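In case you want the letters, here they are:
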Amino acid sequence: MLIDWNNFTPWSAISGGVMLGIASALFILLNGRIAGICGILGGLYRPQRNDIGWRVAFIIGLILAPLAWATVNTLPNINIEASNGLLAISGLIVGISTRYGSGCTSGHGVCGISRLSPRSIIATLAFMGTGFLTVFIVRHVLAI
Amino acid sequence: MKKNLGQIYSLFFSALAGLIFGLGLVLAGMANPAKVLAFLDLAGLWNPSLAIVMGSAICIGLVAFSIAKKHTRSLLGLPMNLPTSRIIDQRLVLGGLAFGVGWGLSGICPAPAFVLLGFGSIKGAIFLGFMLIGMGIYELIESYRNLEKSKTSAAITNAKKSES
């Protein structure tokens, strides 16, 4: 295995990860909610009274993050390699499957494993597995 | 009056949690789909960053959730909504497997999709739009299936009624 040492950024990875942990900790200890983006979004499709505001507030916080960052520092570069068509297919699959499987990288991957939930550990292994496989097929077999 | 103040606190801390979560993703480089794909590409030049991000997030999470499990109410007095299901079924596994395929195609998952919108990325917005449509399709299928289920159970009850 070849490791990309030039782009491997352990310190920002650790501090960024700690921030994700702190955000999830705040959310469960103060709001009593799991910081799982799919679950937060899912509730908005079947809106119930007094159950909308906190969901929208969390999402607004996410969207505002780069804008808040930009007020003090230059934003890092982002690079989306996928074509628009591939993004559409990818988005559709992610939308349907994360609701079907009750979670994504935040809900199962971060919060679920932190809760030591067997369900989330299995879900995380499943999506990591097919994630690795998909990139292998796209990049090395089909060589798109 | 007191109730309203509680609601305002709850909204404020929700937004704050979302903001810190988003800033964490930007700092960790996980808002950048190319870096996520570099983690998923084991056969290429591998970038282990994502594993370190998840690992350090989980370290904090382990402490927070072990505290949360001991309480029925949050610090704001809200009910502690911890998932209770322990069933490992087809939905969980198939959903997870399919999510990995979608994720691997673009390197974008739901939280970074919103952060990318904040970056003003048009490609990010395309992903986000289709993801929201996908969730809508799921809801439509679910409500159709529930309708069918309730029809069958209603038919069974009616049949039982006419028998007796």
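Everything numeric here is computed off the predicted structure, so don't read it as measured data. (Residues numbered from 1 in each chain as written. Chains lettered and ligands numbered in written order. Predicted model: local features only at pLDDT ≥ 70, side-chain atom pairs only at ≥ 80, totals over all residues. Heavy atoms only, no water.)

Draft legend 1. Spotlight on the overall build of chain B. Counting secondary structure elements, chain B contains six helices and one strand. In sequence order, the secondary structure elements of chain B are arranged as α-α-β-α-α-α-α. Taken over the C-alpha trace, chain B has a radius of gyration of 21 Å; the compact-globule value for 164 residues is 15 Å, which it surpasses by more than 25%. Over its C-alpha atoms, taken along the principal directions, chain B stretches across nearly 70 × 50 × 30 Å. When the 164 residues of chain B are sorted by exposure, 46% land in the buried category. Put simply, 42% of the contacts in chain B that link residues at least 6 apart link residues at least 24 apart. If the 14 positive side-chain charges of chain B are averaged to one point and the 6 negative ones to another, these points end up 13 Å apart. (Helix = DSSP H or I, 4+ residues; strand = E, 2+ residues; numbered from the N terminus. Rg over C-alpha atoms; globule rule 2.2 N^0.38 Å. Buried < 20%, exposed > 50% of the residue type's maximum accessible area, 1.4 Å probe, protein only. Contact = heavy atoms within 4.5 Å. Lys, Arg positive; Asp, Glu negative; His and termini not counted. Charge placed at Lys NZ, Arg CZ, Asp CG, Glu CD.)

Draft legend 2. Representation of the packing of helix α6 (residues 118-141) of chain A against helix α2 (residues 33-40) of chain B. Contact geometry of α6(A) with α2(B) gives a least axis separation of 8 Å together with a crossing angle of 95°. With respect to α2(B), the axis of α6(A) lies roughly perpendicular. Of α2(B), the residues touching α6(A) (which contributes A:Met128, A:Gly131, A:Phe132, A:Val135 and A:Arg139) are B:Leu37, B:Phe39 and B:Leu40. Considering only residue class, the contact of α6(A) with α2(B) consists of six nonpolar, one polar and one charged. (Axes fitted to C-alpha atoms, helices over the stretch in contact; angles between N-to-C directions. Parallel < 35°, antiparallel > 145°, perpendicular 65-115°, else oblique. Nonpolar A, V, L, I, M, F, W, Y, C, P; charged D, E, K, R; others polar.)

Draft legend 3. The side chain of B:Asn47, seen in detail. With respect to the secondary-structure elements, B:Asn47 resides in the loop between β1 (45-46) and α3 (49-68). At a separation of 2.6 Å, a polar atom in the side chain of B:Asn47 contacts the side chain of B:Ser49. In this structure B:Asn47 touches A:Asn7, A:Phe8, B:Lys35, B:Ala38 and B:Phe39, once residues within four positions along its chain are discounted. (Polar contact = N/O pair within 3.5 Å; in protein donor to acceptor, adjacent residues only side chain to side chain.)

Draft legend 4. Representation of the interface of chain A and chain B in the model. Taken together, the contact pairs 107 residues of chain A with 108 residues of chain B. Note on chain A versus chain B: buried area summed over both sides is about 10,000 Å², and carbon and sulfur give 75% of it. Joining chain A to chain B, the criterion identifies three salt bridges. Close ionic contact of A:Arg46 with B:Glu139 constitutes a salt bridge, the shortest N to O distance being 2.6 Å. Contributing elements (two or more residues each) for the side of chain A that touches chain B: β1 (2-3), α1 (10-31), α2 (37-45), α3 (53-72), α4 (84-100), α5 (105-114) and α6 of chain A. Examining the composition of the side of chain A that touches chain B, we find that 21 residues originate from one element, α1(A), more than from any other. Residue classes in the side of chain A that touches chain B are distributed as 65 nonpolar, 34 polar and eight charged. Here two bridges tie β1(A) to β1(B), and the two strands are oriented parallel to one another. Looking across to β1(B), one finds that A:Ile3 is bridged to B:Trp46. (Buried area = accessible area lost by both parts, 1.4 Å probe. Salt bridge = Lys/Arg side-chain N within 4 Å of Asp/Glu carboxyl O. Pairing = 2+ DSSP bridges.)

Draft legend 5. Fine view of the packing of aromatic side chains. For the structure shown, the criterion picks out ten aromatic pairs over all chains. A ring pair is formed by A:Phe132 and B:Phe39, whose centres lie 5.5 Å apart and whose planes are at 50°; its orientation type is tilted. Taken together, the residues span two chains, with A:Phe132 in helix α6 and B:Phe39 in helix α2. Connected via pairs of aromatic rings, a cluster forms that spans A:Phe27, A:Trp54, A:Phe58 and B:Phe21. (Phe/Tyr/Trp six-rings, centres within 6.5 Å; stacked < 30°, edge-to-face > 60°.)

Draft legend 6. Representation of the packing of α5(A) against α6(A). All names here are of chain A. Where α5 contacts α6, the axes come no closer than 9 Å and their chain directions differ by 130°. Taken as axis vectors, α5 and α6 run oblique relative to one another. Crossing angle aside, the handedness with which α5 passes α6 is left-handed. Residue-level contacts link Thr105, Gly107, His108, Gly109, Gly112 and Ile113 of α5 to Ser120, Ile121, Ala123, Thr124 and Phe127 of α6. Looking at the contact of α5 with α6, its residues break down into four nonpolar, seven polar and no charged. (Left-handed = near helix turned anticlockwise from the far one by under 90°.)

Draft legend 7. Spatial organisation of the side chain of B:Ser106. Checked against the element boundaries, B:Ser106 lands in helix α4 (residues 90-106). On the accessibility criterion, B:Ser106 (1% relative accessible area) is buried. A polar contact is formed between the side chain of B:Ser106 and the side chain of A:Ser90, at a distance of 2.7 Å. Once you skip the residues sitting within four places of it in the chain, B:Ser106 turns out to touch A:Ala82, A:Leu87, A:Ser90, B:Pro33, B:Leu37 and B:Phe127.

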